[in-house]
Every structure is written in structure tokens, then in C-alpha cells.
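The residues making up each chain are set out below.
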Amino acid sequence: MYHSILPNEQHSAAERFLQQVPALIAASSLCRRLKPVALLIDIAPMTLIALPHSLIANKFQLSPRAAQRRDNVIRQWLAQYEPDLYQVVLNLAQTTPAEVSRQAQAFKLWLTELLGTSVMPCHYCGSLSTVRIGYRLNFRCRTCRRTFNPLKKYYLDKLSHCELWLPFVDLLLQGETFKTINRQLGINTDTAAKWQRYFLGIMELQGFLVLANYCQIKRRQRCRQIWLDVQAGTTFLPTGKSHFRSK
Ligand SMILES: [Zn+2]
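Residues numbered from 1 in each chain as written. Predicted model: local features only at pLDDT ≥ 70, side-chain atom pairs only at ≥ 80, totals over all residues. Heavy atoms only, no water.

Student: Honestly, the pairing of strand 2 (residues 138-141) in this entry has me stumped. Any pointers?
Tutor: The two faces of strand 2 differ: F139 and C141 on one face are buried, but N138 and R140 on the other face are not. Relative to strand 2, strand 1 (residues 130-133) runs antiparallel, the two being bridged by four bridges. Counterpart to R132 in the pairing with strand 2 is F139. Hairpin connection of strand 1 to strand 2: four residues between the antiparallel strands, including G134 at a positive phi of 70 degrees. Pairing between strand 2 and strand 3 (residues 147-148): two bridges, direction antiparallel. Residue pairing in the sheet places F139 in a bridge with F148 of strand 3. Between the antiparallel neighbours strand 2 and strand 3 lie five residues, among them R145 with a positive phi of about 65 degrees. (Buried < 20%, exposed > 50% of the residue type's maximum accessible area, 1.4 Å probe, protein only. Helix = DSSP H or I, 4+ residues; strand = E, 2+ residues; numbered from the N terminus. Pairing = 2+ DSSP bridges.)

Here it is in C-alpha cells:
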């Protein structure tokens, strides 16, 4: 995970550090209060990319404070055993939003290219003599005469309206609620929930972990804000459009 975020010259230090973590846990008295200690092994790679505590908490269903305590222990070890890498991680903390936008751009490009594919080798026989048919990205092989859908391996063949996928990803990035997505794209809230599940899964599958986490946090923040607005009587459900759409 850190490969795409840390500079190349830090990769060997990062690997060395991650390998050292189990031994550090075993030797440390600090850890006894941080059960289950094995969680530290899972959190360490996230500390290395300076993932905010809120995102770590979300990922492992910890409270933000519990996530922070664990992150801090790992940072202490990092400072002690890999001081150069520690400095790089400290600098990363200020650039996490840039990493989010970089991943968002890369993810959207990947999706755009996938949807625009006109040449695709046959999934069954590998022949390059295939032709795209129809609107939903199906291909027919001229050699073995079978049809296949390149979206299948990403489970995206189960979702309809591919022309709405990119705008949907943008709304995910803004943390919009399913209701707002329904109003803006015209897909119902159940479909929006399903799409969110699929797209976050694909982001993780394709290595866009920072992006997937960011979308989830953003959505929680947005939901909490709406809830606060409702409490304060500034939003009228379910038609408080101006409030829902305010940036
Ligand atoms: Zn074929």
C-alpha cells in the first residue's frame, strides 16, 4: 500500500520496519493495554502513509482515540528505528488531501478507459479478433464465437446506467447522501447504496485505499452535518434542497 505513496528510496526502510513490528510488539510493555496487539500489525502500514486517525478508526471500527493511541505507539517505534522514514511520514501528513485527489483522478481515468474500451482480447480463447457489441460493454469473439463482459471481473456488470458512474463517483467524493444522489442522478436510494458498496469495493480492489477511506469519512461527516442541521431546525426534511446542496 505504501508503494504508491512513499518515495522509492524509502521502500526498503518501510519493508524493514513492517517486518520488525511483530518483534517490537512482543518486546514492548506499552502494548499490553492495546489489545488485540495483532491489530498494530495491520495499522502499521497505514501509519506509514500518514493516514489520519479518523480513517484508521473507521477501517478497524475503533474509536478515534483508540486509533490514535495505536498510531502513536507505531510512530514512536518509527522515530526510534527508522528516523529518516519517520521524517518522510511527517511530511506526508500535510499532503494527504493531495494524495486523495491524485487517487480520485487515477480512479476516474481507469474507469473512463474501462468504459471506453474498444479493443479487448477474448476472455475465453485470448483471440484479439473481438468486437464490441451494444451499449453495456459486451464483446463477441469472432474466433470462438462466445460473448464476454470485461466489467464482470470487477462485478460492475451487475450495475446499470454506466453513463452515470463517473458523476456518481464525484458525488461519493463529496460524501453526498443517497437522497441527494437520488435527486441529482435519478437513481433510487437503494440503488445508490448498492453502487456505493460496489464502487468502494472496487476502489479497494484496485489499490485506491486512501480514496475509499476518504469517501466513507466524507459521507459520515456529511450525514452528521445534516443531522446537526435538522437538530438546529435549519433543514426541512425531506425537501431542504438548498441545505443539502450547500457546499
Ligand atoms: Zn474467443
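Student: Can you walk me through the nonpolar core in this structure?
Tutor: Soluble globular proteins: nonpolar side chains tend toward being buried together. Among the nonpolar cores identified, the biggest contains 73 residues, and F107, L156, W165, F199 and M203 are the most heavily contacted of them. Counting residues per element, this core draws most heavily on helix 6 (residues 96-116), which supplies seven residues. Counting the residues that make up this core, at least three belong to each of domain 1 (2-94) and domain 2 (98-112 + 155-231). The contacts of L156, once residues within four sequence positions are left out, are L111, L114, L151, W165, F199 and I202. (Core = buried A, V, L, I, M, F, W, Y, C linked by side-chain atoms within 4.5 Å. Domains from an automatic or database assignment. Contact = heavy atoms within 4.5 Å.)

Student: Before we go on, may I ask you to explain the sheet that holds strand 1 in this structure?
Tutor: The strands that make up a sheet pair up through hydrogen bonds in the backbone, lying either parallel or antiparallel. Within the open sheet, the three strands sit side by side as 1-2-3. Their pairing is antiparallel. Unpaired on one side and paired on the other, strand 1 and strand 3 mark the two borders of the sheet.

Student: Would you mind showing me how to read the packing of aromatic side chains here?
Tutor: Considering all chains together, one arrives at seven aromatic pairs under this definition. For the pair F107 and F208, a centre-to-centre distance of 5.4 Å together with 80 degrees between the ring planes defines the contact as edge-to-face. Of the two residues, F107 is situated in helix 6 and F208 in the loop between helix 9 (189-205) and helix 10 (209-231); the sequence distance between them amounts to 101 residues. What makes F107 buried here is its relative accessible area of 0%. Of the residues examined, F208 reaches a relative accessible area of 12% and is grouped as buried. What links up through ring pairs into an aromatic cluster is the set F107, W110, Y154 and F208. Above the plane of the ring of Y124 lies R146, whose end atom (NZ or CZ) is 3.7 Å from the centre. Above the plane of the ring of F178 lies R219, whose end atom (NZ or CZ) is 4.1 Å from the centre. (Phe/Tyr/Trp six-rings, centres within 6.5 Å; stacked < 30°, edge-to-face > 60°. Lys NZ or Arg CZ within 6 Å of the ring centre and 35° of its normal.)

Student: I'm lost on the packing of helix 7 (residues 165-173) against helix 8 (residues 178-185) in this one. Help?
Tutor: Describing two packed helices takes the angle between their axes plus the distance from one axis to the other. Their axes nearest at 11 Å, the elements helix 7 and helix 8 cross at an angle of 150 degrees. By crossing handedness, the relation of helix 7 to helix 8 is classed as right-handed. Here P167, F168 and L171 of helix 7 come into contact with helix 8, specifically with I181, Q184 and L185. Per-class residue counts for the contact of helix 7 with helix 8 are five nonpolar, one polar and no charged. (Axes fitted to C-alpha atoms, helices over the stretch in contact; angles between N-to-C directions. Left-handed = near helix turned anticlockwise from the far one by under 90°. Nonpolar A, V, L, I, M, F, W, Y, C, P; charged D, E, K, R; others polar.)

Student: Explain unusual backbone geometry here, please?
Tutor: Comment: phi is negative for the bulk of residues other than glycine, and the bulk of peptide bonds are trans. Here K35 and P36 are connected by a cis peptide whose omega angle stands at -5 degrees. One non-glycine residue with positive phi stands out, namely Q61, at about 55 degrees. Relative to the assigned elements, Q61 resides in the loop between helix 3 (53-60) and helix 4 (64-81). By relative accessible area, which is 75% here, Q61 ends up exposed. Phi is positive for R145, close to 65 degrees, though the residue is something other than glycine. For R145, the position within the fold is in the loop between strand 2 and strand 3.

Student: Looking at this model, I keep getting lost on helix 3. Mind explaining?
Tutor: Among all positions of helix 3, only L55, I56, A57 and N58 are buried. A positive phi of about 55 degrees marks Q61, the residue just after helix 3.

Student: Please explain the packing of helix 2 (residues 38-48) against helix 3 as it appears in this structure.
Tutor: One way to put it is that helix 2 packs onto helix 3 with a least axis distance of 11 Å and a crossing angle of 140 degrees. The pairing of helix 2 with helix 3 is recorded here as oblique in orientation. Classified by chirality, the crossing of helix 3 by helix 2 is right-handed. Side by side, helix 2 and helix 3 meet where L39, D42, I43 and M46 of the first sit next to I56, K59 and F60 of the second. The residue makeup of the contact of helix 2 with helix 3, split by class, is five nonpolar, no polar and two charged. (Parallel < 35°, antiparallel > 145°, perpendicular 65-115°, else oblique.)

Note that every value here comes from positions in space, so none of it alone points to a role or purpose.
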